[in-house]
Amino acid sequence: MCKGVLPVKVFMKNVFKYRYLLEDLTIRDLKVKYRRSLLGILWSVLNPLLMMLVITAVFSSIFKIDVENFPIYYLTGSLIFNFFAEATSGALVSILGNSPLIKKVYIPKFIFPLEKTLFAFVNMLFSLLAVVIMFIVLRFVPSWTIVFSPIIFIYVFVFSLGVGFFLSAISIFFRDVIHLYSVFLTAFMYMTPIIYPESMIERMPAVVSSVIHYNPMYYYVQYFRNISMYGILPSVRDNLICIVSALLALLVGSLVLKKAQDKFILYI
Amino acid sequence: MENAIEISNVDMHFNMSKYKIDSIKEFLIKLFKHELMYEDFIALKDVSLEIPKGDVFGIIGLNGSGKSTLLKIVSGILKPTKGSIKVEGVIAPLIELGAGFDMELTARENIFLNGSVLGFSRQTMKDRFDEIVEFSEMKEFLDVPMKNYSSGMIARIAFSVATITRPDILIVDEILAVGDFRFQEKCELRINQLMSGGTTVVIVSHSIDQIERLCKHCMWLEHGKIKMIGEKQKVCDSYKNS
């Protein structure tokens, strides 16, 4: 409705105005997700731990993948990737799923993908506990550089938000995207070194390794492992790659969402 | 007097064939056959009106005459194809029952959720919570999931939340028809209170009695066009005689 004002300013004003709604929707999602389950929110901690047991068993005994501290290697990678996967697949159907609301009250549309990203973020914080638990169980002392992890969380958050904006808009017009996305996510996961060591990338066919090198998630996962496991401070170049890819995703996502949002109501 | 709502030359078109396209395949086929932009359905045609602040404005007309579409445009849910609309102040829309309710949650949780959907702050909701519950008369069912509510019970909660703060503009679409007659009376009383406090009310109803009782001015829509607009008695009389 406001024209001629900086869109970022309008965006921030709306975020502020609807902050209670964001909070309420996030809490609602948490409540509904774990309603009637005995352990409730504990599942957000347990799930990655159980997954880790399965993956560790399969990949270190059957596929004989040789990585030092494999459980932690896997957990740190999957923490970042699962956050992205959960945020974007939530955002994908967020506007469609809230169509009863959108048809009756005016709410800025970006609230819904933003809320799903926040919800996935809260979930990730719980899963972070799983990482801490494994640190203790395996007597692994993380390096001090782990204090920089909020930075990488912000990068992934912005990147996921951008992709989420894009998907939430595009899925309104083409429902096929919803069915394609889980396949895409699986491919995306294998294009990110989560269960195999980074050293394996060089031995892959040139096509595959170049795809991996253009995959932003590769850099995010690497960034988090470097600061949490190996005590390596990411270079300026690493940071730039992360920032530029995140901002690019956000820019494209917001433009698509902004351009499409007035037509949503006719399609949902 | 200042105007709360100004609608000028609003057209609303729906593209009927576009509706049915849900997949890329269909889209390409339609594009290829040049069927994309056809079957224009005109829901509103050249509607202009001004509603002054503090007015209670009724909209009548047969089913499909564009009443709800107009309300949705006023609330900002739909963007008009042509024309412009200016709205002064905060709108509390009561367009359909239970807008913004999550039926899995309890009434207590939903009251807060609905409050934030309407843009009220957490503190306002806490302060007014008891008042909302009291007005809705639903105290004993507060912690029951709303999927177990009847539609009348949902309407009570919805109306109570939407009118708890003094909105600048209240939009009521048919929902008063749901509650029992005692609650309807209570709602009308509340609307009258809001009016004297300066709230502008826009009502859509099929109950001519209700429109005659509550409104000052009235508009009669027919096939998306204004058939008649003006003082309520005149419009209601000719509507009834048509």
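Residues numbered from 1 in each chain as written. Chains lettered and ligands numbered in written order. Predicted model: local features only at pLDDT ≥ 70, side-chain atom pairs only at ≥ 80, totals over all residues.

**Things to note about the overall build of chain A**
In terms of regular secondary structure, chain A is built from 13 helices and zero strands. Ordered by position from N to C terminus, the α and β elements of chain A give α-α-α-α-α-α-α-α-α-α-α-α-α. Here the C-alpha radius of gyration of chain A, 19 Å, is about what a compact globule of 268 residues would show, namely 18 Å. If you line up chain A on its principal axes, its C-alpha atoms span 55 × 45 × 35 Å. Counting over 268 residues, chain A shows a buried share of 35%. In chain A, the share of contacts with a sequence separation of at least 24, taken over all contacts with a separation of at least 6, comes to 80%. (Helix = DSSP H or I, 4+ residues; strand = E, 2+ residues; numbered from the N terminus. Rg over C-alpha atoms; globule rule 2.2 N^0.38 Å. Buried ≥ 20, exposed ≤ 12 C-beta atoms within 10 Å, placed from the backbone. Contact = placed C-beta atoms within 7 Å.)

**Observations regarding the overall build of chain B**
The helix and strand tally for chain B stands at nine helices and nine strands. Burial status across chain B gives 42% buried among its 242 residues. Considering only contacts in chain B between residues 6 or more positions apart, those separated by 24 or more positions represent 74%.

**A few points about the domain arrangement of chain B**
Residue and element names in this part refer to chain B. For chain B, the assigned domains read domain 1 (3-89 + 168-241) and domain 2 (101-166). If you look at the interface, domain 1 gives 11 residues, while domain 2 gives eight residues. With four residues, helix H7 (residues 181-196) is the largest single contributor of residues to the side of domain 1 that touches domain 2. Each residue belonging to the side of domain 1 that touches domain 2 can be placed in one class, and the counts come to six nonpolar, three polar and two charged. (Domains from an automatic or database assignment. Nonpolar A, V, L, I, M, F, W, Y, C, P; charged D, E, K, R; others polar.)

**What about helix H7 (residues 111-137) of chain A?**
A rise of 1.5 Å per residue sets the reference length of H7 of chain A, with its 27 residues, at 39 Å; its end C-alpha atoms lie 39 Å apart and thus fit the reference within 8%. Phi for Arg 139 of chain A, located one or two positions after H7 of chain A, is positive at around 50°. (Expected span 1.5 Å × (residues − 1).)

**Let's talk about the nonpolar core**
Counting residues in each nonpolar core, the largest one holds 125 residues, and the members touching the most others are Ile 80, Val 156 and Tyr 220 of chain A together with Ile 171, Val 202 and Ile 203 of chain B. Two domains each put at least three residues into this core: domain 1 (3-89 + 168-241) and domain 2 (101-166) of chain B. (Core = buried A, V, L, I, M, F, W, Y, C linked by C-beta atoms within 7 Å.)

**Considering unusual backbone geometry**
One non-glycine residue, Arg 139 of chain A, adopts positive backbone phi at about 50°. Here Arg 139 of chain A lies in the loop between H7 and helix H8 (149-173). Although it is not a glycine, Asn 9 of chain B adopts a positive phi angle of roughly 50°.

**Looking at the environment of Ile 51 of chain B**
Inspection of the secondary structure puts Ile 51 of chain B in strand S2 (residues 40-52). A count of 22 C-beta atoms within 10 Å places Ile 51 of chain B in the buried class.

**Description of the sheet that holds strand S7 (residues 200-204) of chain B**
Residues and elements named next belong to chain B. The mixed open sheet is built from six strands, whose spatial order is S5-S6-S7-S3-S8-S9. Among the strands making up the open sheet, the edge pair consists of strand S5 (91-94) and strand S9 (225-231). The average undirected angle you get between the axes of adjacent strands in this sheet is 15°. (Pairing = 2+ DSSP bridges. Axes fitted to C-alpha atoms, helices over the stretch in contact; angles between N-to-C directions.)

**Digging into the interface of chain B and chain A**
At the interface, 24 residues of chain B touch 21 residues of chain A. A class-by-class count of the residues in the side of chain B that touches chain A yields 11 nonpolar, seven polar and six charged.

**So, the packing of helix H4 (residues 70-92) of chain A against H7 of chain A**
Residues and elements named next belong to chain A. Between H4 and H7, the shortest axis-to-axis distance is 8 Å and the interhelical angle comes to 165°. For the element pair H4 / H7, the angle class is roughly antiparallel. Relative to H7, the crossing made by H4 is right-handed. Broken down by class, the residue content of the contact of H4 with H7 amounts to 16 nonpolar, five polar and two charged. (Parallel < 35°, antiparallel > 145°, perpendicular 65-115°, else oblique. Left-handed = near helix turned anticlockwise from the far one by under 90°.)

**Details of the environment of Phe 188 of chain A**
Inspection of the secondary structure assignment puts Phe 188 of chain A in helix H9 (residues 176-190). Given 16 C-beta atoms within a 10 Å radius, Phe 188 of chain A is considered partly exposed.

**Digging into the pairing of S9 of chain B**
With six bridges connecting them, strand S8 (residues 217-222) of chain B and S9 of chain B associate as antiparallel partners. Residue pairing in the sheet places His 217 of chain B in a bridge with Glu 231 of chain B of S9 of chain B.

**What to know about the confidence of the model for chain A**
The pLDDT averaged across chain A works out to 88; a share of 97% of its residues lies at or above 70. In the predicted structure, residues 1-5 of chain A sits below a pLDDT of 50 and forms three contacts with residues beyond four places in sequence or in another chain. (pLDDT = per-residue confidence, 0-100.)

**Remarks on the packing of helix H11 (residues 216-230) of chain A against helix H12 (residues 236-260) of chain A**
A pair of packed helices is characterised by two quantities: the angle between their axes and the separation of those axes. Residue and element names in this part refer to chain A. For the pair H11 and H12, interaxial distance at closest approach is 10 Å and the crossing angle is 130°. In terms of axis orientation, H11 runs oblique to H12. Remark: the crossing between H11 and H12 carries left-handed chirality. Seen from H11, the contacting residues are Pro 216, Tyr 219, Tyr 220 and Tyr 223; seen from H12, they are Asp 238, Ile 241, Cys 242 and Ser 245. Within the contact of H11 with H12, the residues separate by chemical class into six nonpolar, one polar and one charged.

**Structural notes on the confidence of the model for chain B**
Residues with a pLDDT of 70 or more make up 88% of chain B, whose mean pLDDT is 81. Taken together, the chains of this predicted complex give a pTM of 0.82 and an interface ipTM of 0.70.

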